[in-house]
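Here is how the chains run, residue by residue.
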Amino acid sequence: MPRRFPPLAGLQAFLAVARTSSFSQASEILHISQSSISRQILQLENHFRSTLFLRHTRRVVLTDAGERLLPYVEQLIALLLQAIRPSRRSHRS
């Protein structure tokens with residue numbers, strides 16, 4: 001039986017938090033509340049059954065599992081953005 005695909009919003013939140021080491025900065029980048037970021041990360045952690053971040057008072061740090069996941073999420077998001085660019089250009093014409 002195939003596994004469900006991880007939630008895309010969670011992957012976007014994961015990437016923003018990983019790049020900024022901050023839930024609040026990630027929420028500013030994605031224009032959603034910090035509590036939404038937290039929920040999305042929790043959903044992703046539940047999906048992968050693994051803690052992705054160590055939460056500290058003023059910052060978060062990727063766990064080993066988060067470090068392993070990061071390059072794949074970066075590549076996936078980059079590919080998705082690349083895939084939609086041509087359709088946006090053709091839509092404008």
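First, a word on what this report is: a plain description of the structure on this page.

Criteria and thresholds
Residues numbered from 1 in each chain as written. Predicted model: local features only at pLDDT ≥ 70, side-chain atom pairs only at ≥ 80, totals over all residues. Heavy atoms only, no water. Core = buried A, V, L, I, M, F, W, Y, C linked by side-chain atoms within 4.5 Å. Buried < 20%, exposed > 50% of the residue type's maximum accessible area, 1.4 Å probe, protein only. Helix = DSSP H or I, 4+ residues; strand = E, 2+ residues; numbered from the N terminus. Contact = heavy atoms within 4.5 Å. Phe/Tyr/Trp six-rings, centres within 6.5 Å; stacked < 30°, edge-to-face > 60°. Axes fitted to C-alpha atoms, helices over the stretch in contact; angles between N-to-C directions. Parallel < 35°, antiparallel > 145°, perpendicular 65-115°, else oblique. Nonpolar A, V, L, I, M, F, W, Y, C, P; charged D, E, K, R; others polar.

1. Considerations on the nonpolar core
Membership of the largest hydrophobic core comes to 21 residues, with the highest contact counts inside it found for F14, V17, I37, I41, L52, F53 and V73. For this core, the secondary-structure elements that each account for two or more residues are helix 1 (8-20), helix 2 (23-30), helix 3 (34-48), strand 2 (60-62) and helix 4 (64-92). Not counting residues within four places of it along the chain, the set of residues in contact with F14 comprises I41, L44, L52, F53, L62, G66, L69, L70 and V73.

2. Thoughts on the packing of aromatic side chains
Applying the stated criterion to the full structure yields 2 aromatic pairs. Relative to F53, the ring of F14 has its centre 5.4 Å away and its plane inclined at 50°; by these criteria the two rings are tilted. Residue F14 is located in helix 1, and its partner F53 is located in strand 1 (residues 53-55); the two are separated by 39 residues in the primary sequence. Overall, F14 belongs to the buried group, its relative accessible area being 0%. A relative accessible area of 2% means that F53 is categorised as buried. Aromatic pair F23 and F53: ring centres 6.2 Å apart, planes at 75°, arrangement edge-to-face.

3. Focus: the packing of helix 1 against helix 3
Running from N to C, helix 1 and helix 3 point in directions that differ by 110°, and their axes come no closer than 8 Å. Taken together, the axes of helix 1 and helix 3 are roughly perpendicular relative to one another. Residues A9, G10, L11, A13, F14 and V17 of helix 1 form the contact with helix 3, whose own contacting residues are I37, Q40, I41 and L44. Each residue belonging to the contact of helix 1 with helix 3 can be placed in one class, and the counts come to 8 nonpolar, 2 polar and no charged.

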